[in-house]
Amino acid sequence: MTLGDILVNVQGVAKHYGEGETRVDALRSIDLRVHAGEVIALLGPSGSGKTTLLNVIGCILAPTSGRVELDGDAVFDGKWLRSDLRRLRLDKIGFIFQAHNLLPFLTAEENVSVVLDLAGWPSEKGRARARELLDYLEVGHRAKAKPALLSGGEAQRVAIARALANRPRIILADEPTAALDSGRAQLVMDLLRKLATEQEACIIAVTHDEKIFDRFDRLIHLRDGRLVDT
Amino acid sequence: MNLAIKDIRHGLFRFVLTCFGLGLLMTVVLAMIGIYNGLVADALAVVKAPAADIWVVEAGTQGPFAEASSIPADTRDAVARMPGVAEAGAITYQTIEAAHAGQTLRLYVIGFEPGRPGGPQRIAEGRGLGTSHFELLADRKTGLVPGDTIRLGRNRFRVVGLAEDAMNSGGDPAVYVTLADALSLQTALDPAAARVQVARGDQGIRPATVAAVIARLEPGADVALLTATVRQWKHLAALSQIEQEDLLLASVVDRARRQIGLFLGILLSVSAVVIALIIYTMTMEKLKQIATLKLIGAPDRTIVALIVQQAMILGVSGLGIGLALILLVKDNFPRRVVLEPFNALVLTGIILVVCLIASGLGVRAALKVDPATALGG
Ligand SMILES: Nc1ncnc2c1ncn2[C@@H]1O[C@H](COP(=O)(O)OP(=O)(O)OP(=O)(O)O)[C@@H](O)[C@H]1O
Ligand SMILES: [Mg+2]
């Protein structure tokens, strides 16, 4: 496989929470490159720093030190280099959260199209795109339901649709298939794979789900905040 | 996609309830404004009723409303003869209690000379006073109707007509009688000692006195010149209509006005705090959703709009409900509640500003929230 552009380039990133006795070193000198078209899994025991790393890549969390480049642009080097981090997230990054975090006052369809709305899509086109994604993820029939009425798996698929809506090139997923049965988990992996190839995107997914390990190009292991070779 | 409205519709029942609560608060604020206006309007009603240009009263007094005034009844002839005066009338005021239909009525008795200034401007029902004795025109609020009779002093008066919005600054409804009847009523209600004197035949000692003489001027007549002329009679003073109105507002209504004004201020402050609290709480409950919005890339503009729009919708609906309620109940108040469109407009302005400031608090909290708080894991 020929490798595409480097979409995520993390160099010497460290992150600790708290100071003194309460200090927790969640990440210690992480180096990671992810190319367009790659689907990689982030593995490791609980507390090893997986979520922390995703948040750093997603520009939600400032690392203590190190450098982060996204899609060729340096965004962090000891400090944030861009002031419009939210616009960056809207355009480049799709999040699939561990807790799905849908907006309770919007329907499934609106939860997806709101992203496109924010990105400036005409509402008709946004709705059509939302429907298309929901249909593909087999939750199209629940498009008009509010999140409170969705099952865990349905809500998770709506959240995935939201993450993919604006065709981001970097998709960060924290346990994307945890709430899904294995058939649907395979479907989501198919979708992520298709996205990676067609849109030249990269996917970094935290997972414990051994059934889908073979669907990743690379498995990256974290232990005590360090990347370890397997 | 309007997030503010979507969110409101999601929790519609609660939002409507909140608006209704705020609406009740606004009703109280509007009622207070209305009562204040009513107080001023009522107080001025008695001064405005005769449509006079100048008031001639006892020297050294600010009569006849702010202070008691007593001048000889024949002053009217002297005033009427003055150049520039079109017509003049003597007038008396007294408050008495009378029994009617098993109840005690507090009445403000106005004595005037039929055919001269001093009577009601409009007869709402029945006819005006004739020259015969013991006829009476009553304000509708007295509950009297034409044909009723009521005992005032030693005599029974017959109600021949009804007037509207005539009362003193205390809110006692007015009745009009002829000056002659009013004068004999005055005598009948004099202290016992005086009555004894009258019974002895000392009538001549006390010339008939009235509270004031009012005059309407010919077009183009100089009010200032006329009042100055009147003041040359050492026992008389004169006030223009405007001075009389200002005097009444300053002396009689002022304290009540400050009282209500202060209360209104407190009420508005309470409303402001309540609105601020509601909006702040509404925002705090949505913090996690706001964090999610930030996470998916929503700009501050979207988040500020969400909060400010909800605050405005809350404020405007509360005000609307308040207005609707006060218009429904205002006629059931024992005293007049007068609301001008101007008052509603000013209140709308105040409430919108309060909502804006209140949303400022919520906006601050919302803008500070870290998008990472949206992440559960
Ligand atoms: N906000 C925080 N403040 C202090 N310590 C934190 C904070 N967030 C995470 N940590 C600590 O940092 C370490 C790494 O946490 P992280 O959430 O990245 O782990 P994880 O690999 O995602 O675990 P899990 O598989 O349970 O989700 C843990 O020891 C955690 O307790
Ligand atoms: Mg985690």
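Details of the structure are given in the entry above.
Parameters and conventions
Residues numbered from 1 in each chain as written. Chains lettered and ligands numbered in written order. Predicted model: local features only at pLDDT ≥ 70, side-chain atom pairs only at ≥ 80, totals over all residues. Heavy atoms only, no water. Helix = DSSP H or I, 4+ residues; strand = E, 2+ residues; numbered from the N terminus. Rg over C-alpha atoms; globule rule 2.2 N^0.38 Å. Buried < 20%, exposed > 50% of the residue type's maximum accessible area, 1.4 Å probe, protein only. Contact = heavy atoms within 4.5 Å. Lys, Arg positive; Asp, Glu negative; His and termini not counted. Charge placed at Lys NZ, Arg CZ, Asp CG, Glu CD. Near = heavy atom within 4 Å. Polar contact = N/O pair within 3.5 Å; in protein donor to acceptor, adjacent residues only side chain to side chain. Areas by Shrake-Rupley, 256 points an atom, 1.4 Å probe, with all protein chains shown as cover. Disulfide = S-S within 2.5 Å. Buried area = accessible area lost by both parts, 1.4 Å probe. Salt bridge = Lys/Arg side-chain N within 4 Å of Asp/Glu carboxyl O. Pairing = 2+ DSSP bridges. Axes fitted to C-alpha atoms, helices over the stretch in contact; angles between N-to-C directions.

Draft legend 1. Here's a closer look at the overall build of chain A. From N to C terminus, chain A includes 6 helices and 10 strands. Against the compact-globule benchmark of 17 Å for 230 residues, chain A has a radius of gyration of 17 Å, which places it among compact chains. By the burial criterion, 56% of the 230 residues in chain A qualify as buried. If you take every contact in chain A between residues at least 6 apart in sequence, the share linking residues at least 24 apart comes to 71%. One finds the centroid of the 31 positive side-chain charges in chain A at a distance of 3 Å from the centroid of its 32 negative side-chain charges.

Draft legend 2. Representation of the site of ligand 1 within the structure. Residue and element names in this part refer to chain A. What surrounds ligand 1 is a group of 12 residues, the closest being Ser46, Gly47, Lys50, Thr51 and Thr52. Contact between ligand 1 and Thr51: an oxygen atom at 2.6 Å from a side-chain N or O atom of the residue. At 2.6 Å, a side-chain N or O of Thr52 approaches an oxygen atom of ligand 1. Protein coverage of the free-state accessible area of ligand 1, which is 640 Å², stands at 61%. Put simply, the parts of the chain that give the shell around ligand 1 at least two residues each are β2 (24–35) and α1 (50–57).

Draft legend 3. Quick peek at the state of the cysteines. All told, the structure shown has 0 disulfides over all chains when counted by the stated rule. The thiol of Cys59(A) is unpaired, and the distance to the nearest cysteine sulfur, on Cys202(A), comes to 12 Å. For Cys59(A), a relative accessible area of 2% puts it in the buried group. Just so you know, Cys19(B) is unpaired, no disulfide at all, and the nearest cysteine sulfur is the one on Cys355(B), 9.9 Å from it.

Draft legend 4. Representation of the interface of chain B and chain A. Each partner contributes to the interface: chain B provides 25 residues, whereas chain A provides 23 residues. Taking both partners together, chain B and chain A bury about 2200 Å²; carbon and sulfur atoms supply 65% of that area. For the chain B face of the interface with chain A, the top three residues by lost area are Met1(B), Leu295(B) and Ile296(B), together amounting to 29%. In this structure, the connection of chain B to chain A is made through 2 salt bridges. Residue Glu110(A) is joined to Lys6(B) by a salt bridge in which the shortest nitrogen-to-oxygen separation is 2.3 Å. Of the residues forming the side of chain B that touches chain A, the biggest block, 6 residues, is contributed by helix α8 (residues 287–295) of chain B.

Draft legend 5. Layout of unusual backbone geometry. Backbone geometry at Glu138(A) places phi at a positive 60°, although glycine is not the residue there. Mapped onto the fold, Glu138(A) is located in the loop between α4 (123–136) and α5 (152–164). Located in the positive-phi region is Ala51(B), a residue other than glycine, with phi close to 50°. Along the chain, Ala51(B) falls in the loop between α2 (12–48) and β1 (54–58).

Draft legend 6. Focus on the sheet that holds strand β4 (residues 65–70) of chain A. Residues and elements named next belong to chain A. Taken in spatial order, the 4 strands line up as β2-β1-β4-β5 in an open sheet, and their pairing is antiparallel. The open sheet has two edge strands with one neighbour each: β2 and β5 (73–77). Averaged over all pairs of adjacent strands, the angle between strand axes in this sheet comes to 15°, irrespective of strand direction. Inspection of the sheet shows β4 paired to β5 by 4 bridges, in the antiparallel sense.

Draft legend 7. The arrangement of the side chain of Thr292(B) in detail. Considering the arrangement of structural elements, one finds Thr292(B) in helix α8. Beyond its immediate sequence surroundings of up to four residues, Thr292(B) is in contact with Asn101(A), Leu103(A), Arg162(A) and Ala374(B).

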